[in-house]
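Per-entry structural report
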Amino acid sequence: MTRTSLTKAVRYGAIMMAAGAGLNAGIAQAQDSKGDITLAYVEWASEVASTNVVRAVLEQQGYNVEMSSLSAAAMWQAVAYGDADGMVAAWLPTTHKQYLNKVEDKVVNLGPNLQGTKLGLVVPDYTDISSVANLDDKADMINGEIIGIDPGAGLMGLTEEVIKEYDLGDEINLQSGSGATMTAALSNAIQNDRDIVVTGWTPHWMFSRWDLKYLDDPKNVFGDAEHISTIARKGLKEDMPGAYAILDNFEWTPEQMGQVMLMNQKEDSDPYENAKKWVENHPDVVAEWVNGDS
């Protein structure tokens, strides 16, 4: 064999060895994985924070995790029909009541993962409006608008009910958008000392950044304090009991969620990387989710 032929043979053998090593590594990785999990969520600051944290914990335990960003209605449908394995973003008993009612027999409600939420209309603290009932008289102050989020959100449906119950339709329009466009509009208004009304909820990082207040809701259309629940597809417990247990055990406080949300607001921050950092820095909390009673 000539030198050139030998060189080609060596190169070919090296390529095949590398390919075989890569294939074996891929097989080993697949064998090490405990399974694939899809988590559905909505693009709200709170749900981006919680879903990424759960993803980080599941991955730490050996699962391959995919996150699927959907509207609220589509999120419920995805879990109900098996397109997603679970979500940690169910606002109950009021906000997502209509979605739960439609698929209640197709999902498993694992209970609250965060207590003490609130919904309502929010204004800067300096705004001379204190109640939803006064909005019709104050319409000019806010350009006849309530700045909302994505149109499929339960909060938007409740706000439409508020407009109806308080007979605001002739004076006030609800503008849909997203969580990001809502906070951008709020930020711009505050920077220019203008009045604005937005759809708001707690926990949310905007309450840490600015002085804000909820408008009174004397007719209690927005309801009382809620909780955020974890929902799983039927069959997940049997298919992946370990992942199911982690979802079942997942529970944290508004303060803990707020830590992650504030990290996510830093310029050029990555919510997934922030979630991994938070998980690494809170091993005792994570241990309760992984090892706690399910």
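Here the structure is shown first, and the text comes after it.
Attention in this report is confined to the structure presented alongside it. Here the structure is a predicted model, which means the values were calculated and not measured.

Definitions and limits used
Residues numbered from 1 in each chain as written. Predicted model: local features only at pLDDT ≥ 70, side-chain atom pairs only at ≥ 80, totals over all residues. Heavy atoms only, no water. Helix = DSSP H or I, 4+ residues; strand = E, 2+ residues; numbered from the N terminus. Buried < 20%, exposed > 50% of the residue type's maximum accessible area, 1.4 Å probe, protein only. Contact = heavy atoms within 4.5 Å. Areas by Shrake-Rupley, 256 points an atom, 1.4 Å probe, with all protein chains shown as cover. Pairing = 2+ DSSP bridges. Axes fitted to C-alpha atoms, helices over the stretch in contact; angles between N-to-C directions. Parallel < 35°, antiparallel > 145°, perpendicular 65-115°, else oblique. Nonpolar A, V, L, I, M, F, W, Y, C, P; charged D, E, K, R; others polar. Expected span 1.5 Å × (residues − 1). Arc of directions from axis to C-beta.

Glancing now at the overall build of the protein chain. Helix and strand content of the protein chain: 12 helices and 9 strands. The proportion of buried residues among the 294 residues of the protein chain is 47%. Put simply, of all contacts in the protein chain between residues at least 6 apart along the chain, 79% involve residues at least 24 apart. Carbon and sulfur atoms make up 46% of the accessible area of the protein chain, which amounts to about 14500 Å² in all.

Of all 5 residues in strand S7 (residues 198-202), 4 are buried; the element is thus mostly enclosed. In terms of strand pairing, strand S4 (residues 107-124) meets S7 through 5 bridges, oriented antiparallel. Each residue of the ladder has a partner; that of Val122, found in S7, is Val198.

The next subject is the packing of helix H9 (residues 241-249) against helix H12 (residues 283-291). Between H9 and H12, whose axes approach to 7 Å, the crossing angle comes to 125 degrees. Relative to H12, the element H9 is oriented oblique. Across the interface between the two elements, Ala245, Ile246 and Asn249 of H9 pack against Glu288, Trp289 and Val290 of H12. By residue class, the composition of the contact of H9 with H12 is 4 nonpolar, 1 polar and 1 charged.

For the rest of this paragraph, the subject is the side chain of Asn274. Along the polypeptide, Asn274 turns up in helix H11 (residues 271-281). In contact with Asn274, not counting residues within four places along its chain, are Met263, Asn264 and Ser269.

Glancing now at helix H6 (residues 179-191). In this model H6 runs 18 Å from its N-terminal to its C-terminal C-alpha over 13 residues, within 8% of the 18 Å that 1.5 Å per residue would give. For H6, the set of buried residues is Gly179, Met182, Thr183, Leu186, Ser187 and Ala189. All buried residues of H6 lie within an arc of 165 degrees about the axis, which places them on one face of the element. Exposed side chains of H6 directed beyond 90 degrees from the buried face belong to Ala180 and Gln191. Buried residues along H6 sit against S4, strand S5 (145-147), S7, helix H7 (206-209) and strand S8 (212-214).

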